[in-house]
Amino acid sequence: MVLVSDQEAMLPVPLDDADDRWFCVLRRPLSSEALGVQLRQMIRSARVMENRYRSAVDELHRIRRIFDSVPVGISIADATLPDEPLVYVNSAFEKMTGYRAAEVYGRNCRFLQGSLRGQTGALEIREAIAEKRETRALLKNYRKDGISFWNDVLLSPFFDTSGQLTHFVGIQNDVTQEVDAKASLKHMERDLEETQLQLQAILDTMHDAVVVLDRGQNIVKMNESAARFLGLSERTLSSKNVEDTFEAYLPDGSLLPRDEWPSALALKGHFVQDSGIVIVRKDTGKSILAEVSTAPILNQAGEPYLVTVYYRDVTEQSDIVRAHTRLAAIVESSDDAIISKDLHGLVTSWNSGAEKIFGYTAGEILGQSIRLVIPADLQREEDEILEGIRRGDTVEHIETRRRTKSGDIIHLSLTISPIRDANGKVIGASKIGRDITERRRLESQLHQSQKLEAVGQLTGGVAHDFNNLLGVIVGNLDLLERLVPDNAGALKRVRTAQKAAERGADLTRRLLAFSRRDELRPTPASLNESVHNVIALSARLIGPEIKIKSHLDPSLPAIFVDAAALESALLNLFLNARDAMPNGGSLNIMSELRQVRASSIPVQAGDLQAGSYAGISISDTGSGMSKEVLERAFEPFFTTKKRDQGTGLGLAMVYGFVKQSGGTIRIYSEPGFGTTVTFFLPLAETIPEPVVVPTRLAKRNSVGVVLVVDDELDLLEIAAAYLDGMECTHFEAVDGASALERIALHPEIELVVTDVIMPGGMNGFELAEKILQVRPEMKIIYCSGFPEDALAERRSPLMGAPVLRKPYQHVEFEEAVREAFAREEPA
Ligand SMILES: Cc1cc2nc3c(=O)[nH]c(=O)nc-3n(C[C@H](O)[C@H](O)[C@H](O)COP(=O)(O)O)c2cc1C
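Residues numbered from 1 in each chain as written. Predicted model: local features only at pLDDT ≥ 70, side-chain atom pairs only at ≥ 80, totals over all residues. Heavy atoms only, no water.

Some thoughts on the pattern of salt bridges
Okay, step 1: Within the structure shown, the criterion is met by 28 salt bridges.
Okay, step 2: D383 is the partner of R371 in a salt bridge, and the nearest nitrogen-oxygen pair spans 2.3 Å. Here D383 lies in helix α13 (residues 379–390) and R371 lies in the loop between α12 (362–365) and α13, a separation of twelve residues in the sequence.
Okay, step 3: Owing to a relative accessible area of 28%, R371 belongs among the partly exposed residues under this scheme.
Okay, step 4: Residue R401 is joined to D377 by a salt bridge in which the shortest nitrogen-to-oxygen separation is 2.8 Å. Within this pair, whereas R401 is found in strand β17 (residues 395–403), its partner D377 is found in the loop between α12 and α13, the two being separated by 24 residues in sequence.
Okay, step 5: A relative accessible area of 54% places D377 in the exposed class.
Okay, step 6: Connected via shared salt-bridge partners are E124, E127, E131 and R133. (Salt bridge = Lys/Arg side-chain N within 4 Å of Asp/Glu carboxyl O. Helix = DSSP H or I, 4+ residues; strand = E, 2+ residues; numbered from the N terminus. Buried < 20%, exposed > 50% of the residue type's maximum accessible area, 1.4 Å probe, protein only.)

Considering a negative patch on the surface
Okay, step 1: Residues E189, D191, E193 and E194 make up a contiguous surface patch of negative charge.
Okay, step 2: Relative to the helices and strands, E194 is located in helix α5 (residues 176–205). (Patch = residues over 30% accessible without salt bridge, like charges linked within 9 Å, V, L, I, M, F, W, Y side chains within 5 Å. Areas by Shrake-Rupley, 256 points an atom, 1.4 Å probe, with all protein chains shown as cover. Lys, Arg positive; Asp, Glu negative; His and termini not counted. Charge placed at Lys NZ, Arg CZ, Asp CG, Glu CD.)

Focus: the sheet that holds strand β6 (residues 135–142)
Okay, step 1: Pairing is antiparallel in the open sheet, where five strands are placed in the order β5-β4-β8-β7-β6. The two strands at the open ends of the sheet, each matched to only one other strand, are β5 (86–89) and β6. Strand-to-strand twist across the sheet, computed as the mean angle between neighbouring axes with direction ignored, equals 25 degrees.
Okay, step 2: Where helix α4 (residues 120–130) meets the sheet, its contacts fall on β6, β7 (148–159) and β8 (165–174), and the angle it forms with β6 comes to roughly 135 degrees.
Okay, step 3: The strands touched by α5 are β6, β7 and β8; relative to β7, the strand with the most contacts, the crossing angle is about 125 degrees. (Pairing = 2+ DSSP bridges. Axes fitted to C-alpha atoms, helices over the stretch in contact; angles between N-to-C directions. Contact = heavy atoms within 4.5 Å.)

Overview of the site of the ligand
Okay, step 1: Around the ligand sit 19 residues, and of these N108, R110, Q113, R126 and Q172 come closest.
Okay, step 2: Side-chain polar atom of R110 to an oxygen atom of the ligand: 2.6 Å apart, as the coordinates give it.
Okay, step 3: Within the side chain of N151, a nitrogen or oxygen atom sits 3.3 Å from an oxygen atom of the ligand.
Okay, step 4: Considering the ligand on its own, with 620 Å² of exposed area, one finds that the protein chains cover 94% of that surface. (Near = heavy atom within 4 Å. Polar contact = N/O pair within 3.5 Å; in protein donor to acceptor, adjacent residues only side chain to side chain.)

The following block contains the structure:
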């Protein structure tokens, strides 16, 4: 029952129908009639009340259903009670929070915050409640099952008709999805921003210039390198057109049209890769060699709307590369070995010169110790070199020996310098090595030639004087012989002396042959024929134990030598070979055409001129020669044979013959293996034809008036005695000047017998020339122990005159004189 006033109360009365009925109960003393009236009234009003009540409840139910149909949470708290307890929540609230209404009524709504207190949203609501105003706050709430959600709470105060705050109405909205989306968007934005910063940082650390251009070639983005490269700054960047910043040229210097610029090509959709162009900056005029690559950036329609251009400045690099290439080419093309090694002696670089000199390829020796090419006895030298290098010393032009891959020992001139790093610390050594083996050989050849030349001159000089003395001896013996025709004892002595003198003359001839003063009469001759002749001649001398094999080039052209002297030289060599093979062996003779190059040792040593020569080699399989013997083999009187077995003049004569003939000779010998003598002789076709003065024998066979010219008075005397014997009128002169005087005084002189070498500034040839100028018909005989003088002049027409070899004997002299008179003058 609900008390309405002191006399009136409302009480529910259970009736037949399902619903309870409410009755108003009055406490008043009444008459039965009045009571009846009152009761009827009361029933009536009770019915009215009931109706009202019913419709109010209906209304409430309707409103509840409306509230429950709303998709947002609705909650109502009683503002008149402490801590605003909830008095109503709709079903959306229940669904959102997972709590049933009965569980939340009477509780403050903060329980939804779980343990997460002090949120900004909660503080805001607290303030709004205190200030009885509307507010909106975002709060993190927890469902009954513990799952969190974002609750967008709209709170409004409710005032009754008297203006009293009675309730707070909350509208709750689950905005978890929106918040999460927003958060992830924010996150993404932050990520994007970060990525952009990172990208820019990466771009800025790039050495290459990177520029992004729009379709109008305007720069929309660039890195720091690009700013430097193009001379731009972020400030000047906006709307800067790349075409305003530089001109582009091809590496050959031709201007690159704008529509062919890599960026223009990229905007047409092409990729450009490392295209080399020269960029000339408009602001500074500086030209930069750049490698340009581009990549178009496509829009959704697949059309390029931006282009990324990468410029790599290779100016310096190309300079370095060029310099490096140039240097590498120099090092590679050098004939010298250019090597580097570290401080442990390990090879770090090895050029092709080194490959040629040492025989090791770079691949074989890089990383190996340089000691590989150092002979065992010189290992200590390498220690010293490395010590010096560590101290920073340079070793210049030392001459030393090294060993090649094939084990040969070569002579090297070495310069070794320390290699330093950027801080000046010695980290290794560079070596420049020049192979001087050939030079050494050349020097030794030259030395040998010079020695032989000196010995030759000395020998020649001695032989000449000796020859003159022999002339006197032979002449006087001739004369003495005639004075003692009846004295047998005296004649015997004279003959013995004559024999000795002949032997002496033979010796001097050989000495003169060595000293290249032999009387040679070179003519075109066949080398092969001479070889055959000598083989035939020597077969008996050599004997059957030695096999003679010949390989002669049949196409060998004619040589220009004195064939007799050649055969004598060959015989000499054959006999030497025989003596080297006392137990038999083989003698090989080979002839061939040889080309002598300007770079070859004989040409370098001045022995030969470059060109074609006939080469002949005579090899034996005999005892060979030691190095020491080989060095002296050509020296006159040098012999390894027993005293009475050789004169030591054989090889000396061969040497003199070959040299005098304009050729050169070499000996190669290995003790125990044999010896090869090789010599080159000039070809006839390379020698100009000598001018030959034809002679005809006269019918007349008589003698006439003779002038003898000689600075040796003894020889003059002997010639005079011979001429007396021939009953010839004769005059004498001791030099050219006195001879010319005599001729001027005695026009009857028909023949001049003149020595070639004379003091007084005029030799025999010059004298003859002068005589022939005034007396062209004059007959001339030259006398000389130096037939080489005649050879030297062999191209002179004067050579038409005979040469009487000194020392001459009576018979030779007389023959020469008679032949001269028998000869007719030149036609
Ligand atoms: C009608 C009404 C509805 C409310 N709805 C929520 C709600 O859904 N979630 C929430 O965290 N707080 C809600 N609050 C706020 C808390 O109940 C409380 O007022 C707030 O946390 C401030 O008080 P405090 O500082 O003591 O926690 C609501 C308050 C009222 C009056």
